[in-house]
Structure formats: structure tokens, C-alpha cells
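What follows is the residue order along each chain.
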Amino acid sequence: MSSTDNTPEIEYPRDYGLRVVGDNVDQLERDVVAILERHCPKSFDSSNVTSQKSTSGNYKSVRVRFRAESAEHVSVVYQALSGHQLVRMVL
């Protein structure tokens, strides 16, 4: 896509949500929270974290929200989460 198309630009800072899917272990949620606290110390509120087990019980989905300062900030958080050993995908 070229820079002259009509795609709206995303304005930062803005609230941003991610869903982290990983192994169904309690450590997953703790580690996700720790990663967000490290990368978003001023804007992440761990009381807003929710999680849900998959129907099969093999996986857990952890939803988080944080204040993204820039597209690069989102990328750093995404990379930190997706690189974790318990994480299968970040949406």
C-alpha cells in the first residue's frame, strides 16, 4: 500500500488490547502480567486482565489492555509476549 491511499492513520497514545493464547497453566497469566508491567509501567492495570480456558482445557486465553504510546511500542510488547515459551499466539 502506498502512503497516498485513504487508510486512516492510527493516532497514539491510545488504549490497545491484545489476546494472548498459551498453555493452560497458571504461570501464563502471571508471566503475561509481568511482561506488560515491565513494558507499560505507567499505563497497565493488572486488575483489568481476564482469562478463559479453551473448551478442551488445553489452552488459556489471557486478555490485556494497555496504553500504547506508538506503533513501535505495540510492536515491542507484541514481540515480548510472542517470544515467551508458554505463548502460542498473540492476537
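Provided above is the structure to which this section pertains.
Parameters and conventions
Here the residue numbering is sequential within each chain, running from 1 through the sequence in written order. At least 70 in pLDDT is required for a residue's local features to be given in this predicted model, at least 80 for side-chain atom pairs to be given and counted, and no such filter applies to totals for whole chains, interfaces and linings, which use all residues. As a convention, hydrogens and water are excluded, and side-chain values are obtained from all of the structure's heavy atoms. Here, strands pair whenever DSSP counts at least two bridges between them. Every helix listed is a DSSP run of H or I at least four residues long, and every strand listed is a run of E at least two residues long, numbered separately from the N terminus. Between the N-to-C directions of two axes lies an angle of 0 to 180 degrees, each axis being a line fitted to C-alpha atoms and, for a helix, fitted only over the stretch in contact. Buried Ala, Val, Leu, Ile, Met, Phe, Trp, Tyr and Cys residues form a nonpolar core when they are joined through side-chain atoms within 4.5 Å. When accessible area is computed with a 1.4 Å probe and restricted to protein chains, residues below 20% of their type maximum are described as buried, those above 50% as exposed, and intermediate ones as partly exposed. Contacts between residues were defined by any pair of non-hydrogen atoms, one from each residue, lying within 4.5 Å. Here Asp and Glu are counted as negative and Lys and Arg as positive; His is not counted, and neither are the chain ends. The working definition used for a salt bridge is a side-chain nitrogen of Lys or Arg within 4 Å of a carboxyl oxygen of Asp or Glu. For the purposes of these results, a polar contact is taken to be a pair of N or O atoms within 3.5 Å, where, inside protein, one atom must be able to donate a hydrogen and its partner to accept one; residues adjacent in sequence count only when each atom of the pair is a side-chain atom.

## Topic: the sheet that holds strand β3 (residues 59-68)
Okay, step 1: Taken in spatial order, the 4 strands line up as β2-β3-β1-β4 in an open sheet, and their pairing is antiparallel. The open sheet has two free edges, formed respectively by β2 (50-53) and β4 (87-90), since each of these has just one partner strand. Neighbour-to-neighbour, the strand axes of the sheet open up by a mean angle of 25°, direction not taken into account.
Okay, step 2: As paired strands, strand β1 (residues 14-23) and β4 are joined by 3 bridges and run antiparallel to one another.

## Here's the deal with the nonpolar core
Okay, step 1: One finds V32, L36, F44, V64, F66 and L81 to be the most contacted residues of the largest nonpolar core, which totals 20 residues.
Okay, step 2: At the level of secondary structure, the elements contributing two or more residues to this core comprise β1, α1 (26-39), β3, α2 (71-82) and β4.
Okay, step 3: A per-element tally of this core places α1 first, with 5 residues.
Okay, step 4: Apart from residues lying up to four places away in sequence, L81 is in contact with L18, V20, V32, I35, L36, V87 and V90.

## Side note on the pairing of β2
Okay, step 1: Here 4 bridges tie β2 to β3, and the two strands are oriented antiparallel to one another. Across the sheet, residue S51 finds its bridge partner in β3, namely V62.
Okay, step 2: The hairpin formed by β2 and β3 contains 5 residues between the paired strands, and G57 there has a positive phi angle of roughly 85°.

## Side note on unusual backbone geometry
Okay, step 1: A cis amide bond links Y12 with the next residue in sequence, P13, at an omega value of 0°.
Okay, step 2: Take P13: it is sitting in the segment before β1.

## Brief notes about the environment of F44
Okay, step 1: Structurally, F44 can be placed in the loop between α1 and β2.
Okay, step 2: What makes F44 buried here is its relative accessible area of 11%.
Okay, step 3: Sequence separation between F44 and A34 is 10 residues; the distance between their C-alpha atoms is 10 Å.

## A look at the side chain of D31
Okay, step 1: Positionally, D31 belongs in helix α1.
Okay, step 2: For the buried D31, no salt bridge is present, and the opposite-charge side chain at shortest range is R30, 5.9 Å distant.
Okay, step 3: Within the local environment of D31, its side chain forms a polar contact with the side chain of Q27, the two groups lying 2.5 Å apart.
Okay, step 4: Of note is the side chain of D31, whose polar atom sits 2.8 Å from the side chain of H84.
Okay, step 5: Contact partners of D31, with chain neighbours within four places excluded, come to H84 and L86.

Remember, this is a structural readout, not a statement about activity or role.
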